[in-house]
Amino acid sequence: MSESPAQPPKASNPRLRAVLGHEFFAPYQWKRRIALWSGAILVALAAILFAKASDWAYVLFQKIVAHGIWIPLIMTPAVFGLLSWATEGRLRAARGSGIPQAIACIHIEDESFRTRMLALPIAVSKMVLTLVALAVGASIGREGPTVHIGAGLFYSLGRRLGFSDPKAISRFILAGGAAGIAAAFNTPLAGVVFAIEELAGTFEHRFSGLLLTAVIVGGVVSLGITGNYAYFGTVQASLPLGHAWLAVLLCGLVGGLLGGIFARLILLSRQGPLAAVGRLRERNPILFAVGCGFALALLGVFSHNAVYGTGYAQARAFVQEASLTPGHGFGIVKLLANVVSYWAGIPGGIFSPALAVGAGLGHNIAYFLPHAPEAAVVLLGMSAYLSGVTGAPLTSAVIAMELTNNQDMVIPIMAACLLARAAASIFCPTPVYKDFAERLIQDFERQQAERSAVEKQRAPSPVSSEVGPTSAYGEPVAPTDISDEKPES
């Protein structure tokens, strides 16, 4: 059922008839508003439930590890292999972060593709399997999966309420993703900025109302249940002008370069050593996932269990200048743990673990800058590394400020994020989520081309056309070798 404006209501008074005939009172507009409000409430409730369940899952893992540091050497590889097996077939879209799936569905208006990526069973399995991964110590986050869940809930709700226009469904997916990231971090402004910078890749005036409505309603629900809180607590830090601003340069360069390297590692290039890793994973994904789980467990033993989970507690300890922190080696070891967890192809995001790595790097940089406030340097490292990983400097800056309830660091954080994005582009020119999304789009277009070729063979036509890869972002796309691995986003 497509959206079509209803006829203006009849009234004897011409002025009243004109008022009632305004678009604001149109039934289809109210139908869309009710769908948005309902979706935002559902996403907020799902995000809160997911956050609580994630904490419980990791607490369970800590209780298990308390019985022996060696237990993850057996448990983690076995469950990683099980998760890889579980997501081999119809649940393949549940793998990885979930943000690339949402981006691809915004730009591909094919109903079968959207159903395969965002159907309600995919959203539910995304939540359940991410919790299972956290329960065995996977170094993953819940924010990307929450975006996927939000987009899936909005998509399913929109379809059930009869919205079939592809453009309308794209806006529903966009609003669902924005509500998801806002509810996951309790950062309303970051949700809007993230949707514009990452999900849509552009700004439309008609999008703004949808985004704000979804984020506001979801924010009110979250505020009513969990209260008004900052993710990492309030951080009273500032960076005075002078030599302390050397921290902006160092954090921007180090965070950006390492963030770009991380993005390149998880993207698995089509040439060089990383291509060999991708082929190995493609040949035997389950055994490869088992190996990744074992590598993570070894890192856990080496770091005294510091690298497991989202890294929230460690990042908070750094940014709050706690007396007990994971130490100077945490940033690099956590980065490696994030790589092997993502290589495994299991469900899970990279937002929280990236913040933890950035906080660890900022702690290291602060050691060489004794005259700069340590909390300020940690905050700069956290935001710069996140910008380097995601390629979204504005989103990273807004998230860092909202997570710490800090307004004094606006200019230094934005400067570090912009510098980090420039440095990261040396290793990863295309932002990681968009690169994964482009692979999904190319894979879909290749399948469409193959189907078209088969149909032409069955019913020959004098006119033939060649379908090649295109970009949803107006950027040139390198040809995809069919022999390469299928992307696991």
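Not measured: the values here are computed from a predicted model. (Residues numbered from 1 in each chain as written. Predicted model: local features only at pLDDT ≥ 70, side-chain atom pairs only at ≥ 80, totals over all residues. Heavy atoms only, no water.)

**As for helix 3 (residues 71-86)**
Here is step 1: With 16 residues, helix 3 extends 22 Å between its outermost C-alpha atoms, agreeing within 8% with the 22 Å of an ideal straight helix rising 1.5 Å per residue.
Here is step 2: Those residues of helix 3 lying buried are I71, P72, M75, T76, P77, V79, F80, G81, L83 and S84. (Helix = DSSP H or I, 4+ residues; strand = E, 2+ residues; numbered from the N terminus. Expected span 1.5 Å × (residues − 1). Buried < 20%, exposed > 50% of the residue type's maximum accessible area, 1.4 Å probe, protein only.)

**Focus on the packing of helix 4 (residues 99-107) against helix 8 (residues 166-185)**
Packed helices, taken two at a time, are described by the angle their axes make and the gap between the axes.
Here is step 1: Put simply, helix 4 and helix 8 touch, their axes get as near as 8 Å, and they point 160 degrees apart. Taken together, the axes of helix 4 and helix 8 lie roughly antiparallel to each other. Crossing hand, helix 4 versus helix 8: left-handed. Residues A102, C105 and I106 of helix 4 form the contact with helix 8, whose own contacting residues are S170, I173 and L174. (Axes fitted to C-alpha atoms, helices over the stretch in contact; angles between N-to-C directions. Parallel < 35°, antiparallel > 145°, perpendicular 65-115°, else oblique. Left-handed = near helix turned anticlockwise from the far one by under 90°. Contact = heavy atoms within 4.5 Å.)

**Here's the deal with the environment of S112**
Here is step 1: Structurally, the position occupied by S112 is in helix 5 (residues 111-118).
Here is step 2: Separated by 2.3 Å, the side chains of S112 and D110 make a polar contact. (Polar contact = N/O pair within 3.5 Å; in protein donor to acceptor, adjacent residues only side chain to side chain.)

**Notes on the packing of helix 6 (residues 120-135) against helix 7 (residues 143-160)**
Here is step 1: At a closest axis distance of 8 Å, the pairing of helix 6 and helix 7 adopts a crossing angle of 155 degrees. Classified by the interaxial angle, the pair formed by helix 6 and helix 7 is roughly antiparallel. Note that helix 6 runs across helix 7; the crossing there is left-handed. Of the residues in helix 7, those touching helix 6 at L120, I122, A123, K126, M127 and T130 are P145, H148, I149, L153 and S156.
Here is step 2: Taken together, the residues of the contact of helix 6 with helix 7 sort by class into seven nonpolar, three polar and one charged. (Nonpolar A, V, L, I, M, F, W, Y, C, P; charged D, E, K, R; others polar.)

**A word on the packing of aromatic side chains**
Here is step 1: For the structure shown, the criterion picks out eleven aromatic pairs.
Here is step 2: Centre to centre, the rings of F185 and F351 are 5.8 Å apart; their planes meet at 70 degrees, and the pair counts as edge-to-face. Placement of F185 in helix 8 and of F351 in helix 16 (residues 351-367) is noted, with a sequence separation of 166 residues between them.
Here is step 3: Here F185 falls in the buried class, since its relative accessible area comes to 0%.
Here is step 4: With a relative accessible area of 2%, F351 lands in the buried category.
Here is step 5: Ring plane angle 25 degrees and centroid distance 6.3 Å describe the contact between F351 and Y433, whose orientation is recorded as stacked. Taken together, the positions of F351 in helix 16 and Y433 in helix 20 (residues 432-458) put the pair 82 residues apart, joining distant regions of the chain. (Phe/Tyr/Trp six-rings, centres within 6.5 Å; stacked < 30°, edge-to-face > 60°.)

Shape is all these values report; function is a separate question.
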